[in-house]
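Fold and contact review
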Amino acid sequence: MKKLILSMILGAAAMVVACGPKSVAVTGPKYTSSEQLAQGKTIFENSCNKCHKLPDPAKHDDQGWINTLSRMAPKAKLSDDQHQMVYDYLISVNKK
């Protein structure tokens, strides 16, 4: 029984480590100026491309990008403002 409990605790700890911290900086659109959206595009291209191929902005809807970026922004070490600008860029491209 002790081994089962210990393995459950270790499994839960591994899940936390594997998932990493989540950011909750973004809850909806904030930046709309062309300058801020251009910054978001640059951050997206430079930060996200370091670890993987850039996803198509149409891959997710607004809520999908909130969920995805909440996982990925901490891994990319984005500030809250950078996180927001990337989100706003992605949803602006989706709306066109």
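Residues numbered from 1 in each chain as written. Predicted model: local features only at pLDDT ≥ 70, side-chain atom pairs only at ≥ 80, totals over all residues. Heavy atoms only, no water.

The name recorded for the protein chain in an unreviewed UniProt entry is Cytochrome c5, from Chryseobacterium arachidis.

**Looking at the nonpolar core**
Core analysis: the largest hydrophobic core is formed by 16 residues, its most contacted members being Phe 44, Leu 69, Val 86, Tyr 87 and Leu 90. Contributing elements (two or more residues each) for this core: α2 (34-48), α3 (62-75) and α4 (80-94). The dominant element in this core, judged by the number of residues it contributes, is α4, at six residues. Contact partners of Leu 69, with chain neighbours within four places excluded, come to Pro 74, His 83, Val 86, Tyr 87 and Leu 90. (Core = buried A, V, L, I, M, F, W, Y, C linked by side-chain atoms within 4.5 Å. Buried < 20%, exposed > 50% of the residue type's maximum accessible area, 1.4 Å probe, protein only. Helix = DSSP H or I, 4+ residues; strand = E, 2+ residues; numbered from the N terminus. Contact = heavy atoms within 4.5 Å.)

**Examining the packing of α3 against α4**
Contact pair α3 / α4: the axes reach a minimum separation of 10 Å and the direction vectors enclose 150 degrees. In terms of orientation, α3 and α4 fall into the roughly antiparallel class. As for the relative orientation of α3 and α4, their crossing is right-handed in sense. Taking contact as the criterion, the partners of Asp 62, Trp 65, Ile 66, Leu 69, Ser 70 and Ala 73 in α3 are, on α4, His 83, Val 86, Tyr 87, Leu 90, Ile 91 and Asn 94. Class assignment of the residues belonging to the contact of α3 with α4 gives a composition of eight nonpolar, three polar and one charged. (Axes fitted to C-alpha atoms, helices over the stretch in contact; angles between N-to-C directions. Parallel < 35°, antiparallel > 145°, perpendicular 65-115°, else oblique. Left-handed = near helix turned anticlockwise from the far one by under 90°. Nonpolar A, V, L, I, M, F, W, Y, C, P; charged D, E, K, R; others polar.)

**Some words on the pattern of salt bridges**
Tallying each qualifying case throughout the model produces one salt bridge. Linking Lys 41 and Glu 45 is a salt bridge whose minimum nitrogen-to-oxygen distance equals 3.9 Å. Of the two residues, Lys 41 and Glu 45 are both situated in helix α2; the distance of four residues between them amounts to about one turn of the helix. On the basis of relative accessible area, Lys 41 is assigned to the partly exposed category, the value being 36%. Given the relative accessible area of 32%, Glu 45 is considered partly exposed. (Salt bridge = Lys/Arg side-chain N within 4 Å of Asp/Glu carboxyl O.)

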